Each structure stands twice: as C-alpha cells, then as structure tokens.
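One letter stands for each residue in the lines below.
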Amino acid sequence: MNPRSIEFLIQEAFVGVRRNGLMAVASISTIALSLAILASFCLFIFGAHRFAQNELNKFEIAVYIKTNTDKTAVASLAEQVRGIPDVRSVIVYPKEQAWPEFKKSLPHIDTAGLNNPLPDKLRVAVRDQRRTTKVADRIRQFEEVDAVQDGRTQRQYVLAITDFVKWFGIIASFALLTATIFIISNAIRLTVFVRRREIRIMQMVGATNWFIRIPLVIEGVIFGASGALIAFGLVGIGITYLSSVVARVMPMMQTVSTGVGRNEILAALMTGGVVIGAAGSFVSIRRFLKN
Amino acid sequence: MIDFQDVSVLYPNGVRALDGVNVTVQKGEFAFIVGATGSGKSTLLKLIYREELPTQGQVRVMGDDLTDLHPGAVPYLRRKIGIVFQDFRLLPQKTVWENLAFALRVIGAPSREIVRRIPEILDLVSLTHRCDAFPHQLSGGEQQRASIARALVNNPPLLVADEPTGNLDPDTSWDIIQLISRINIRGATVLCATHDREIVDKMRRRVVVLDRGHIIRDQQRSSYDDES
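Please read these numbers as outputs of a predicted model, since none were measured by experiment.

Procedures and definitions
- Residue numbers here run from 1 along each chain, matching the order of that chain's written sequence.
- Going through the entries in the order they are written, you letter the chains from A and number the ligands from 1.
- Side-chain atom pairs in this predicted model are given and counted only at pLDDT of 80 or more, local residue features only at pLDDT of at least 70, and totals for whole chains, interfaces and linings cover all residues.
- Just so you know, side-chain values use all the structure's heavy atoms and leave hydrogens and water out.
- In this text, helices come from DSSP runs of H or I with a minimum length of four residues, and strands from runs of E with a minimum of two, each type numbered from the N-terminal end.
- When we talk radius of gyration, it's over C-alpha atoms, and the globule rule is simply 2.2 Å times the number of residues to the 0.38.
- Three labels apply to residues, based on accessible area from a 1.4 Å probe with only protein chains included: buried if under 20% of the type maximum, exposed if over 50%, partly exposed otherwise in between.
- Whether two residues are in contact is decided by their heavy atoms: any pair within 4.5 Å suffices.
- The Shrake-Rupley method, run with a 1.4 Å probe, gives the accessible areas here. Residue values count only the displayed protein chains as cover.
- Strands qualify as paired when DSSP identifies two bridges or more between them.
- What counts as a domain boundary in this text is fixed by an automatic or database domain assignment.
- As used here, buried area is the combined drop in accessible area, with a 1.4 Å probe, of two parts when they are placed together.
- Only one rule defines a salt bridge in this text: a Lys or Arg side-chain nitrogen within 4 Å of an Asp or Glu carboxyl oxygen.
- Pairing of N or O atoms within 3.5 Å defines a polar contact, subject to two protein rules: one partner must be a possible hydrogen donor and the other a possible acceptor, and residues neighboring in sequence count only if both atoms are side-chain atoms.
- Charged residues are taken to be Asp, Glu, Lys and Arg, nonpolar residues to be Ala, Val, Leu, Ile, Met, Phe, Trp, Tyr, Cys and Pro, and polar residues to be all remaining types, Gly included.
- Every angle, taken between N-to-C directions, lies between 0 and 180 degrees, and every axis is a line fitted to C-alpha atoms, over only the stretch in contact when it is a helix.
- Here, the term nonpolar core denotes a set of buried Ala, Val, Leu, Ile, Met, Phe, Trp, Tyr and Cys residues that are joined through side-chain atoms within 4.5 Å.
- The rule is short: rings of Phe, Tyr and Trp, with Trp giving its six-membered ring, pair when the centres are within 6.5 Å, and they are stacked under 30 degrees, edge-to-face over 60, tilted in between.
- Look at NZ for Lys and CZ for Arg. If either is within 6 Å of the ring centre and within 35 degrees of the ring normal, a charge sits over the ring.

1. Topic: the overall build of chain B
Next, step 1: Within chain B one finds 7 helices and 10 strands.
Next, step 2: Taking 228 residues into account, the globule formula puts the C-alpha radius of gyration at 17 Å, and chain B, at 17 Å, falls close to it.
Next, step 3: Seen through its C-alpha atoms, chain B measures out along the principal axes to roughly 45 × 40 × 35 Å.
Next, step 4: Evaluated residue by residue, chain B yields a buried proportion of 54% over its 228 residues.
Next, step 5: Residue pairs in contact within chain B that sit at least 24 positions apart in sequence constitute 67% of those at least 6 positions apart.
Next, step 6: A total of about 9700 Å² of accessible surface is found on chain B, and carbon and sulfur atoms cover 46% of it.

2. Section: the pairing of strand 1 (residues 61–65) of chain A
Residues and elements named next belong to chain A.
Next, step 1: In terms of burial, strand 1 is largely enclosed, as 4 of its 5 residues are buried.
Next, step 2: The pairing of strand 1 with strand 3 (residues 121–126) spans 4 bridges and is antiparallel. Note on strand 3: the bridge partner recorded for tyrosine 64 is lysine 121.
Next, step 3: Pairing of strand 1 with strand 4 (residues 145–149), which is carried by 4 bridges, proceeds in the antiparallel orientation. Opposite valine 63, over in strand 4, you have valine 148 as the bridge partner.

3. Side note on the pairing of strand 1 (residues 2–10) of chain B
Residue and element names in this part refer to chain B.
Next, step 1: As paired elements, strand 1 and strand 4 (residues 56–61) share 5 bridges and run antiparallel to each other. For isoleucine 2, the partnering residue across the bridge sits in strand 4 and is valine 61.
Next, step 2: Two elements, strand 1 and strand 2 (residues 16–25), share 6 bridges in a ladder whose sense is antiparallel. Opposite valine 9, over in strand 2, you have leucine 18 as the bridge partner.

4. Some thoughts on the domain arrangement of chain B
Residues and elements named next belong to chain B.
Next, step 1: Per the domain assignment, the segments making up chain B are domain 1 (1–80 + 157–228) and domain 2 (90–155).
Next, step 2: Once you take the C-alpha centre of each, domain 1 and domain 2 turn out to be 24 Å apart.
Next, step 3: Every contact between the two is made by 12 residues of domain 1 and, on the other side, 13 residues of domain 2.
Next, step 4: Together domain 1 and domain 2 conceal approximately 1000 Å² of surface at their shared face, both sides included; 71% is due to carbon and sulfur atoms.

5. Quick word on helix 3 (residues 96–106) of chain B
Next, step 1: The element helix 3 of chain B is largely enclosed, with a buried count of 9 among its 11 residues.
Next, step 2: Within helix 3 of chain B, the full set of buried residues consists of Val96, Asn99, Leu100, Ala101, Phe102, Ala103, Leu104, Arg105 and Val106 of chain B.
Next, step 3: Elements in contact with the buried residues of helix 3 of chain B: helix 1 (3–19), helix 7 (196–204) and helix 8 (209–249) of chain A together with helix 4 (111–124) and helix 5 (140–152) of chain B.
Next, step 4: The first or second residue beyond helix 3 of chain B is glycine 108 of chain B, which carries a positive phi of 80 degrees.

6. Here we look at the interface of chain A and chain B
Next, step 1: Taken together, the contacts link 20 residues of chain A with 30 residues of chain B.
Next, step 2: Taking both partners together, chain A and chain B bury about 2200 Å²; carbon and sulfur atoms supply 57% of that area.
Next, step 3: One can count 4 salt bridges joining chain A with chain B.
Next, step 4: Salt-bridge contacts for arginine 197 of chain A lead to aspartate 87 of chain B; the nearest nitrogen and oxygen are separated by 3.7 Å.
Next, step 5: Taken together, the connections running from chain A to chain B amount to 7 residue pairs in polar contact (both at pLDDT 80 or more).
Next, step 6: Elements with a contribution of two residues or more to the side of chain A that touches chain B: helix 1 and helix 7 of chain A.
Next, step 7: When residues in the side of chain A that touches chain B are grouped by element, the largest group, 7 residues, is from helix 7 of chain A.
Next, step 8: When its residues are assigned to classes, the side of chain A that touches chain B shows 7 nonpolar, 7 polar and 6 charged.

7. Let's talk about the domain arrangement of chain A
It is common to report an interface's size as the accessible area lost on association of the parts.
Next, step 1: Partitioning chain A into domains gives domain 1 (3–55 + 158–288) and domain 2 (60–150).
Next, step 2: Put simply, the middle of domain 1 of chain A and the middle of domain 2 of chain A, counted by C-alpha atoms, are 53 Å apart.

8. With respect to the sheet that holds strand 1 of chain B
Residue and element names in this part refer to chain B.
Next, step 1: Strand order in the open sheet made by the 4 strands is 2-1-4-5, with antiparallel pairing throughout. Edge strands, defined here as strands with exactly one partner in the open sheet, are strand 2 and strand 5 (64–65).
Next, step 2: This element, helix 1 (residues 41–48), spans strand 1, strand 2 and strand 4 of the sheet and lies at about 120 degrees to strand 1.

9. A look at the nonpolar core
All names here are of chain B.
Next, step 1: Judged by nonpolar contacts, the single largest core of 64 residues is most densely connected at Phe32, Leu100, Phe102, Ile118, Ile148, Leu159 and Ile180.
Next, step 2: No other element matches helix 3, which puts 7 residues into this core.
Next, step 3: In this structure leucine 159 touches Gly82, Val84, Ala151, Leu152, Ile180, Ile183, Thr189, Val190 and Leu191, once residues within four positions along its chain are discounted.
Next, step 4: Counting 32 residues, the second-largest nonpolar core is a separate cluster that includes Phe4, Leu44, Ile48 and Leu191.

10. Quick look at the packing of aromatic side chains
Pairs of aromatic rings are described using the distance from one ring centre to the other and the angle between the two planes.
Next, step 1: All chains considered together, the criterion is met by 10 aromatic pairs over all chains.
Next, step 2: Plain terms: the ring middles of tryptophan 99 of chain A and phenylalanine 102 of chain A are 5.8 Å apart, the flat faces sit at 15 degrees to each other, and that makes the pair stacked. Of the two residues, tryptophan 99 of chain A and phenylalanine 102 of chain A are both situated in helix 4 (residues 95–105); the distance of 3 residues between them amounts to about one turn of the helix.
Next, step 3: The class for tryptophan 99 of chain A is buried, based on a relative accessible area of 10%.
Next, step 4: Ring pairing ties together the aromatic residues Phe8 and Phe211 of chain A together with Phe102 of chain B, which thus form one cluster.
Next, step 5: The aromatic ring of phenylalanine 193 of chain A is capped on one face by arginine 196 of chain A, whose charged end is 3.9 Å from the ring centroid.

This is the structure:
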C-alpha cells in the first residue's frame with residue numbers, strides 16, 4: 001500500500017465519522033459513559049485502599065523498657081531492635097520527654113511532688129503490618145523489655161478491611177471492565193453493522209480487505225479516543241465536585257487521595273478507549289469481509 | 001473471455017440454481033441472459049465475479065480458473081470487471097464524484113489520473129452536472145448512470161449488468177441500454193441479464209435463455225422469444 005493510499009484511507013475515516021454523525025454521537029457517548037463509570041469506580045477503590053493502608057501504617061509497636069535500665073542500654077536495645085528484619089524505624093521516646101507531655105495532656109491530675117514514674121519507650125514501625133506480631137514477639141525476648149503493646153486486635157480489624165477493599169476492588173473492577181469492553185465493542189459493532197452494505201459494495205468494486213478495514217479501524221480509534229477524552233472530562237468534573245463536598249462536609253478526609261495523577265487517568269482512559277475501539281472494529285469487520 | 005463448463009450450483013437450501021451449464025462468451029461480444037425470475041440468471045453472473053462458487057464444473061474468466069482462485073486474488077479479478085446492479089449499489093455516504101474516485105483509489109490511481117478520468121466518464125454517461133450529488137438526491141436513471149460510470153471508470157474489459165433496467169421506466173431503460181451498447185462498441189465485452197422483452201427484441205444481440213438452471217436456447221442476433 002503506497003503513502004497516497006494511506007493518506008486517502010485516513011481521510012476516509014474522518015469523512016466516515018462526519019457523514020455518519022448520529023451513529024458517531026451514539027457510539028462516542030456510550031464509550032464515554034462506560035469509561036467514566038469504570039474509571040470512577042477504580043479511583044474510588046484506589047482511594048479506599050490507600051486510606052485503609054494509611055490507617056494501617058499508623059500502627060506502631062510500643063516497647064516499654066524496664067525503669068532501671070540506663071540510657072546506654074536503651075540506646076543499645078534500640079540499635080538491636082533496628083537490626084530485626086521488617087523493622088522500618090525505631091524512635092526512642094525517653095521518659096524525660098514523655099513526662100511533661102503526659103502532665104500537659106492530663107492537667108486535672110495533681111502531679112506535684114511526684115517523681116517521673118514513666119518508663120523509657122521505643123516506638124517501632126514495621127514494614128509489613130502482617131509481620132507485626134512476629135516482630136513484637138521477638139522484641140519481648142530482650143531482657144530490658146518490660147512490656148510490648150502491638151495493638152493486635154485493632155490492627156487485625158483494619159487489616160481485614162484493607163484486604164476486603166483490595167479483593168472486592170479487583171473482582172468488581174474486573175467485572176466492570178468486562179462489561180465495559182462488551183458495551184464498547186457492541187457500540188462499535190453497531191457502527192460497522194449499519195455499514196455492512198457499504199462493505200459489500202466496496203468488495204464489488206475490487207477493494208482489498210485491508211482497504212476496507214483500515215478506515216473503519218481508524219474510525220474505531222477516533223470513537224475510542226473521543227469517548228476517552230469526554231470520560232476524562234466527566235471524571236475530572238466528578239473529582240473536583242467531590243473534593244469540594246468532602247472539604248466542606250468531612251474536613252478530616254480532605255487529605256485522602258487516590259494516589260493517581262490526572263495524567264495517569266488520561267493515559268489509562270486513552271489506552272483503554274483506543275485499544276477497545278480498534279479491536280472492536282477489527283473484529284466486527286471480519287464478519288463482513290468473508291468472501 | 002468467459003467459459004462455463006458443466007457448471008452446476010446447488011444452494012444449501014436444496015435449490016439447484018444452475019444445472020450442467022456450458023456457455024462461452026468471446027471477447028467483444030454483447031450477450032443478453034434472459035429467463036423468468038429464479039431461472040438462474042443472477043447466479044450465472046455471480047459466478048463470473050466470484051460472488052458464488054460452482055458446486056460442480058469449471059468457470060474461467062479472462063484466463064483465471066475461478067474455482068481455484070485464492071480469496072486474496074478476488075479483489076484483483078473484480079477490478080477487471082465492471083458490475084452494474086438493478087439496485088445501483090452506490091456508496092450512500094459519497095457523492096457521485098467520490099463513488100467514482102473510490103473505484104479508482106482502490107486500484108491505487110494517483111490524484112492526477114482521477115481528476116483526468118472522472119470528467120471523461122461523467123461526460124460519457126451525461127452526469128457531469130450531478131457530480132456533487134449524493135445518491136439519494138438522484139433519480140433512478142441518474143443513479144444507474146452513476147453506477148455504470150463507476151463500473152467503467154477503470155476501463156474494465158468486461159461489463160456484467162444484472163437487470164440494469166429493472167427499476168427504471170421504459171424511456172430511461174432504453175437510454176441505459178444504449179449507453180451499455182456504446183460501451184460494447186468501445187471494446188468491452190458485455191453480459192446483461194434482463195427480462196425486459198422490448199429491449200432484447202430491439203437490440204437484436206446474442207440471447208442466452210435460462211429455464212430452471214438449464215440453457216434452453218443460445219442464439220446470435222435473436223429476440224426474447226424463440227423465432228425458429
């Protein structure tokens with residue numbers, strides 16, 4: 001196929017979209033709506049999962065050190081805990097720092113004349129929350145350690161929610177993706193179906209299958225890309241609106257984000273739209289190209 | 001140009017459209033294929049442009065054995081055959097000019113050639129003034145002339161017309177047949193299926209009569225009904 005023909009076939013695709021205006025509008029709006037619903041759902045799941053993960057990462061192991069332990073031993077213990085695999089960070093929280101904070105937080109308790117009764121404490125953050133119990137058990141074995149609090153019950157509760165959000169998200173997104181692919185390819189199939197007579201005529205004047213196929217596949221790509229752009233606009237409007245509502249109604253949730261940037265959303269929508277559009281056209285045309 | 005040897009076509013629904021047909025058409029000939037509806041005229045033409053394949057026998061067109069032709073070669077066969085249908089089959093979303101240009105684009109003709117060739121053909125079919133019209137804006141006769149123009153635009157050596165006057169009034173039908181006749185005089189072989197008795201009788205050309213899939217008469221300079 002020479003460059004002249006390729007230029008002609010690209011022109012044909014745009015003329016085809018323009019002259020089949022109603023069909024194009026129907027197809028593009030179907031694609032836009034299905035992609036917008038899919039993208040919104042995925043973003044919601046990303047947001048929920050990230051929120052749960054953030055909550056989970058706030059859990060720390062509190063290690064209370066026996067009161068008779070001197071500062072060198074505390075520092076050495078901190079160093080040893082840091083050496084345990086899966087430990088992300090260890091912060092030494094000395095009792096001299098804890099005592100004024102304690103008094104400040106409970107002003108109604110009369111502490112005048114009392115010696116600082118608090119122990120030194122280590123705040124241990126773990127890389128993988130699923131390993132927290134193991135790490136805590138390991139820390140318990142150190143001689144200097146008096147008590148360890150690893151928030152086991154609450155942590156497991158949040159962990160279960162995180163898992164649920166993750167698996168529900170994966171399964172539901174997959175189901176929704178399948179439905180979206182089905183809806184989009186049906187919309188594309190319809191645009192090809194109404195032109196089956198044209199395809200037959202083109203065959204009668206000696207057009208090769210590729211000559212017929214290329215403009216229709218390009219049309220599928222145009223439909224997919226236009227639908228994706230509109231979907232991006234709809235999702236953008238949705239995010240802006242939702243953010244303003246959240247800021248007003250639930251200010252504490254304002255910092256929650258999906259962790260997905262606008263460029264990434266656009267890229268994902270465009271890829272999805274273009275691939276499904278092109279593949280949908282390609283497969284639909286094949287039926288009508290049999291000699 | 002065309003050679004059918006013992007050709008039969010049996011459709012999956014059990015209808016035997018052609019049964020042991022033998023016919024040869026020489027280069028430059030003009031032949032009418034006549035017969036009642038269901039006699040096998042359209043099937044015979046469809047075999048020529050490889051819309052159908054015979055269930056038995058051999059069909060040769062311009063040297064190609066169509067029973068052996070690779071599907072990828074079918075478009076190239078059709079570029080050598082101009083096809084005219086009763087229902088015109090113009091591309092509905094394209095103007096007359098674009099319909100003709102499409103047929104030329106298909107064969108990879110350069111724009112220069114397209115701009116030179118289309119006015120010539122539009123002039124031949126007297127449709128120059130309607131070149132920007134879409135098919136639905138044309139009368140039946142104009143659509144058929146546009147369809148003939150498209151069939152001729154890349155100078156095919158063979159023109160196959162399946163009931164080209166079937167949807168037209170008698171005057172327009174006569175104009176169309178005259179046009180096809182002029183194309184034959186310019187050198188193209190013409191095969192025209194019809195059951196328009198008046199036209200066949202006026203033209204006095206070769207007549208091949210089909211009846212329930214059999215050729216029952218094949219006469220030069222003949223008429224619709226048997227004169228012997």
